[in-house]
Amino acid sequence: MKNKFPTIWHLAVILLYFILFTLPFSLLQGIVPKSFTAWMMLLAYVIPMYLTIWATRRTFNKKGKLNFKPDDWALLPLVIIVAYAFLIVGEFTIFLLPEPSGFWKKIFDMLNQTMEEVFNNRIAGFLMVAVAAPFLEETLFRGIILKALLKKYNPYMAILISAIAFGIFHMNPWQFLYATVLGLFLGYMYWKTRSLFYPVIIHMILNGTAFFAAQFSDMKATEGLAEHLTGEDLQKYLIVVALSLGTIVLAWYFFEKYFAQTPKELFLATQNPHKITEIKQILPDNYQLKSLKDLDFEGKLKETGSTLEENALQKVRQITIPYDVDAIADDTGLEVPALNGAPGVYSARYAGKNATYEENVQKLLDEMKGVENREAQFRTVVVYSKDNKEYVVSGVIKGHITTEPRGTGGFGYDSVFVPDGYSQTFAEMGETEKNKISHRAIALQKLKEKFD
Ligand code: IMP
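Source: prediction; values computed, not measured.

What follows covers the nonpolar core. Counting residues in each nonpolar core, the largest one holds 61 residues, and the members touching the most others are Leu75, Val79, Leu140, Phe185, Met189, Ile202 and Phe255. At 13 residues, helix α5 (residues 122-152) tops the list of elements feeding residues into this core. Among residues more than four places away in sequence, those in contact with phenylalanine 255 are Leu75, Leu78, Val79, Val82, Phe185, Tyr188 and Met189.

Let us look at helix α9 (residues 231-261). Between the first and last C-alpha of α9 there are 46 Å, a value that for 31 residues agrees with the 45 Å anticipated at 1.5 Å per step. Turning to α9, its buried residues number three or more, namely Tyr237, Val241, Ser244, Ile248, Ala251, Phe255, Tyr258 and Phe259. Looking at the buried residues of α9, the elements they touch are α3 (76-96) and α7 (173-193).

Let's shift gears to the packing of α3 against α9. Running from N to C, α3 and α9 point in directions that differ by 135°, and their axes come no closer than 9 Å. One element, α3, and the other, α9, form an angle in the oblique class. Crossing of α3 against α9: the hand is left-handed. Mapping the contact onto sequence places Leu78, Val79, Ile81, Val82, Ala85, Phe86, Ile88, Val89, Glu91 and Phe92 in α3 and Tyr237, Leu238, Val240, Val241, Ser244, Leu245, Thr247, Ile248, Ala251, Phe254 and Phe255 in α9. Residues belonging to the contact of α3 with α9 are distributed by class as follows: 18 nonpolar, two polar and one charged.

Moving on, we get to the site of the ligand. Surveying the vicinity of the ligand reveals 17 residues, the closest of which are Lys275, Asp331, Thr332, Asp414 and Arg440. Here aspartate 331 contributes a side-chain N or O atom positioned 2.8 Å from an oxygen atom of the ligand. Isolated, the ligand exposes 470 Å² of accessible area, and the fraction of that covered by the protein chains is 95%. At the level of secondary structure, the elements contributing two or more residues to the shell around the ligand comprise β3 (327-335) and α15 (439-451). Per-element accounting of the shell around the ligand gives the leading share, three residues, to β3.

A cluster of nonpolar residues, Phe36, Trp39, Leu66, Phe68, Ile123, Phe126, Leu127, Val131, Phe135, Phe212 and Phe216, forms a patch on the protein surface that exposes about 1000 Å² of accessible area. Of all the secondary structure elements, the ones that give two or more residues to the nonpolar patch are α5 and α8 (197-216). The element contributing the most residues to the nonpolar patch is α5, with five residues. Here tryptophan 39 lies in helix α2 (residues 37-60).

Right, let's get into the pattern of salt bridges. Counted according to the given criterion, the structure contains 18 salt bridges. The salt bridge involving arginine 194 is made with aspartate 324; its shortest N-O contact spans 2.8 Å. With a gap of 130 residues between them, arginine 194 in the loop between α7 and α8 and aspartate 324 in the loop between α11 (308-323) and β3 connect regions that are remote in the sequence. Across the pair, exposure class does not vary: arginine 194 and aspartate 324 are buried alike. Several salt bridges share partner residues, and in doing so they unite Lys275, Glu278, Asp330, Asp414, Lys434 and Arg440 into one network.

Before going further, it helps to examine the pairing of strand β5 (residues 375-386). Counted residue by residue, β5 has ten buried out of twelve residues, so it is predominantly covered. Sheet analysis places β3 next to β5, joined by nine bridges and oriented antiparallel. Residue isoleucine 328 lies in a different strand from β5, and its bridge partner there is tyrosine 384. Inspection of the sheet shows β5 paired to strand β6 (residues 389-401) by twelve bridges, in the antiparallel sense. Bridging across to β6, valine 383 finds its partner in valine 392. Where β5 folds back on β6, the antiparallel hairpin that results is connected by two residues, among which aspartate 387 adopts a positive phi of roughly 50°.

Relative to the helices and strands, asparagine 311 resides in helix α11. What makes asparagine 311 buried here is its relative accessible area of 0%. Leaving out residues up to four positions away in the same chain, asparagine 311 has contacts with Glu303, Thr304, Gly305, Asp331 and Val345.

The peptide bond linking phenylalanine 5 to proline 6 adopts the cis configuration, its omega dihedral lying at 0°. Assignment of secondary structure puts proline 6 in the segment before α1 (8-29). Backbone geometry at arginine 194 places phi at a positive 55°, although glycine is not the residue there. For arginine 194, a relative accessible area of 16% puts it in the buried group. Although it is not a glycine, aspartate 324 sits at a positive phi angle of roughly 55°.

So, about the environment of tryptophan 252. Note on placement: tryptophan 252 falls in helix α9. For the pair tryptophan 252 and phenylalanine 185, spaced 67 residues apart in sequence, the C-alpha separation works out to 9.6 Å. Those residues in contact with tryptophan 252 that sit more than four places away from it in its chain are Tyr156 and Tyr188.

Conventions used here
Residues numbered from 1 in each chain as written. Predicted model: local features only at pLDDT ≥ 70, side-chain atom pairs only at ≥ 80, totals over all residues. Heavy atoms only, no water. Core = buried A, V, L, I, M, F, W, Y, C linked by side-chain atoms within 4.5 Å. Buried < 20%, exposed > 50% of the residue type's maximum accessible area, 1.4 Å probe, protein only. Helix = DSSP H or I, 4+ residues; strand = E, 2+ residues; numbered from the N terminus. Contact = heavy atoms within 4.5 Å. Expected span 1.5 Å × (residues − 1). Axes fitted to C-alpha atoms, helices over the stretch in contact; angles between N-to-C directions. Parallel < 35°, antiparallel > 145°, perpendicular 65-115°, else oblique. Left-handed = near helix turned anticlockwise from the far one by under 90°. Nonpolar A, V, L, I, M, F, W, Y, C, P; charged D, E, K, R; others polar. Near = heavy atom within 4 Å. Polar contact = N/O pair within 3.5 Å; in protein donor to acceptor, adjacent residues only side chain to side chain. Areas by Shrake-Rupley, 256 points an atom, 1.4 Å probe, with all protein chains shown as cover. Patch = residues over 30% accessible without salt bridge, like charges linked within 9 Å, V, L, I, M, F, W, Y side chains within 5 Å. Salt bridge = Lys/Arg side-chain N within 4 Å of Asp/Glu carboxyl O. Pairing = 2+ DSSP bridges.

Okay, here's the thing in structure tokens:
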């Protein structure tokens, strides 16, 4: 568990991938005609970056899925304002670095020359900086690295590590500080929304602004604005930096309040429409309940465990691991002491692999023909996976098995189960009544109490 992706070594390997994939392009760079340089640079960024993402996913992150789904559009104006506040603060960090000299001066000049060449070709430059970089870098640093870090560390630690990794990836001190600062905001928005939508938009705005600024001024990409200012202008600039910092703190306060209020998405890791209806009825309104149809999940949820607990965990993880969402799953069994606990974990396939509810009920009644002790219980194990932590609760309702099916409501064994203290079967009493007392309701109630 401790060495789960991403450790510092994994991050080093990712950087190495990028350097390795870039190498052949650096060699090509020298032999392409001058007029083609900017396009070559675009390719020399996009292809290695794409390959790095591909290799990272293949080696460390096979099951992860990327989510670019738009989140709440209402936040867009504030997100844009905060993005610019970060741009100003990030840009200010360049001013904090000493003037480069010696070895660093060489790197500094090389970097500026490269940037100039890219920025000089409007189309190739724009595509690289404002389109390709936001998508590719957010995919790698937020969609893969931060997503995995959030499973290992507390959120602020995870965001900090991903931001530093993002900074180091830029491979020079000027962009290191700047990218690390911006990485904090990009990471924060990813953490709160679990979507790459805002990180990509923010990244586009920031890089697009830098690109246009370079078109209209002769400022070097690695120079801070402050370096051009003196006296009163410098003072004004410092006030703007302070105001930007203030804006960031205020916005943070607002975002925290906003995200605490918005109902969190909770996915129901079940393909049983009856369970979906029941869980929706039982759970309180402060969850935004989603079904697997809202994900691109294909196929059937596997349940091959030998206990209800194992099955419930197996079901929930098939959703939480690839999609990085909160989810809830249950596994239920009807346990009959006279049948040594059968059908138990095999309730769904008691009469055979693809048995219908009716066939299962019939098999149960056949097995219990002439049996006097008709005691039975439904047991449900519910697993709630919240922020990658799993909470397990169970609910039991005792009752007895009738001699023939009664009622048309509910599903499964409802038509032959009469809960203690009642004379009707679950199938006769109707949804509302069943959902007040059922095994599932008891388990979900326990969860609710835990989180209230
Ligand atoms: P599952 O594996 O949790 O989906 O449940 C296994 C089987 O138990 C289902 O196929 C149903 O036959 C039965 N079952 C689950 N929940 C209920 C219930 O609330 N009432 C009656 N039968 C149920």
